[in-house]
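Structural overview
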Amino acid sequence: MGIEAALPVDSVLTTQLQRVVNWARRSSVWPMPFATACCGIELMATACSRFDLARFGAEVMRFSPRQCDLMIVAGRVSVKTLPVLQRIYLQMAEPKWVISMGACASTGGVFDTYAVVQGVDQYIPVDVYIPGCPPRPEMLIEGIMAIQRVIDNDNIPRDPTGKRLPLQIALEPNYRPRAQPARLSVGAS
Amino acid sequence: MKLDHPTLPVLKAAFPDVKFLAAEFRGQTTVIVPRERLKDVCRLLRDDPQCSYEFLADVTAVDYLNYPAPQPGRFGVVYCLASHAKDRRLTLKVWMNPSVDTAGTEPDPELVVDTVSDVWPTAEWLEREVFDMFGIRFRGHPDLRRILMWKDFPGHPLRKDYPLRGRGEREMHRVMPRESA
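As a starting point, this report considers the structure included with it. Nothing here was measured: the structure is a model prediction, and the numbers come from that model.

Quick look at the overall build of chain A now. Looking only at helices and strands, one finds five helices and five strands in chain A. Secondary structure elements of chain A, listed N to C terminal, follow the sequence α-β-α-β-α-β-α-β-α-β. In the form shown here, chain A has an accessible surface area of approximately 10900 Å², with 56% of it arising from carbon and sulfur atoms.

Structure follows, in structure tokens:
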């Protein structure tokens, strides 16, 4: 935890077991990239040296769902891919979390067509939504940090019967898009 | 419009009984082929040394529903041929009209054309795509299944009378709640 140097050698630190478990879990999130589109490129950039997801202990991308506890759905999901997504989600070991990265995974984005799922949260439980098309790597890092805060607080929300509930967390973009400099006309001008 | 494509006289001489229509647009020549003679024409175009169209670049289709100008049929199946030896391109087109309601997926006896997958093997997947998107069936195709949409998709989505957002297919999948995972 980085506090070893501040403690005397023979001292004892008392805490709760659950807190130690949460600390271990949030310090080594193992993401599984379900990257189907351009958000996957930003996901790769996030893991690379410029943004360096390893600073947050979440750099071990595994392509087997059995070894992962965080699924990052990055990109549009077609209805034909949806059974695969659900099967992969089922194969992940508990406890597990899901990030819906980008406009397409969260809402379908511009792909309002017969073949594209209009938001994966219709079909699998999603913990954190990241807006953007595609989101900046900083946004993805913030989303992973939101997951870590959720884990750290021991706050897997549960209903009275003990079942997990959606978190209802949405990240706000930290920038404001400027207005178009010129009026755009489509078709006849 | 000048119809000086060097393949046209070869076609005319080889099929004196067939009335071909041809059109030219910006240097690209299109030949309209009667549906029942398509495979003979394709074999000739591939095998004749003056033609040698050994490469089938694409098979696709066009739905002319509500097209502004009148057309000879509702669907046109388009074959884009290329000859590497002669450095030429030629487009074939076959017209057809549906005989049953185009909203569903039942087989239409009028929307059938002979397969060319035994002339150019690459036509196998391309014809599957045309079948998937337009519901045009290819007689003699070895494996005519959907290639892009899933097996039970209830429609042919590139037909112009199919709504862009579908008929609710994207909302009808199994939901996986959190407690089941």
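So, on to the pattern of salt bridges. Where side chains of opposite charge bring their charged atoms close, a pairing between them can arise. What the rule picks out here adds up to 17 salt bridges over all chains. For Glu138 of chain A, the salt bridge is made with Arg136 of chain A, and the minimal N-O distance between the two is 3.3 Å. The partner of Arg37 of chain B in a salt bridge is Asp17 of chain B, and the shortest N-O contact between them spans 2.9 Å. Residue Arg37 of chain B is located in the loop between strand S2 (28-32) and helix H2 (38-47), and its partner Asp17 of chain B is located in the loop between helix H1 (7-14) and strand S1 (21-25); the two are separated by 20 residues in the primary sequence. Here Arg37 of chain B falls in the partly exposed class, since its relative accessible area comes to 22%. For Asp17 of chain B, a relative accessible area of 58% translates into the label exposed. Salt bridges sharing partners connect three or more residues here, namely Asp112 of chain A together with Arg165, Arg170 and Glu171 of chain B.

A word on the nonpolar core. Of all hydrophobic cores here, the largest spans 43 residues; its most connected members are Leu38, Leu45, Leu56, Tyr79, Leu92, Val116 and Ile136 of chain B. Put simply, the parts of the chain that give this core at least two residues each are H1, H2, strand S3 (55-63), strand S4 (75-83), strand S5 (88-96) and helix H3 (123-134) of chain B.

On to H1 of chain B, then. Residues and elements named next belong to chain B. For H1, every residue scored as buried is listed here: Thr7, Leu8, Val10 and Leu11. Around the axis of H1, the buried residues are gathered within 160 degrees of arc, so they sit on the same side. Turned more than 90 degrees from where H1 packs its buried face, Pro9, Lys12 and Ala13 sit exposed. Tucked into the core, H1 has its buried residues touching S1, S2, H2 and S5.

About the criteria used
- Residues numbered from 1 in each chain as written.
- Chains lettered and ligands numbered in written order.
- Predicted model: local features only at pLDDT ≥ 70, side-chain atom pairs only at ≥ 80, totals over all residues.
- Heavy atoms only, no water.
- Helix = DSSP H or I, 4+ residues; strand = E, 2+ residues; numbered from the N terminus.
- Areas by Shrake-Rupley, 256 points an atom, 1.4 Å probe, with all protein chains shown as cover.
- Salt bridge = Lys/Arg side-chain N within 4 Å of Asp/Glu carboxyl O.
- Buried < 20%, exposed > 50% of the residue type's maximum accessible area, 1.4 Å probe, protein only.
- Core = buried A, V, L, I, M, F, W, Y, C linked by side-chain atoms within 4.5 Å.
- Arc of directions from axis to C-beta.
- Contact = heavy atoms within 4.5 Å.

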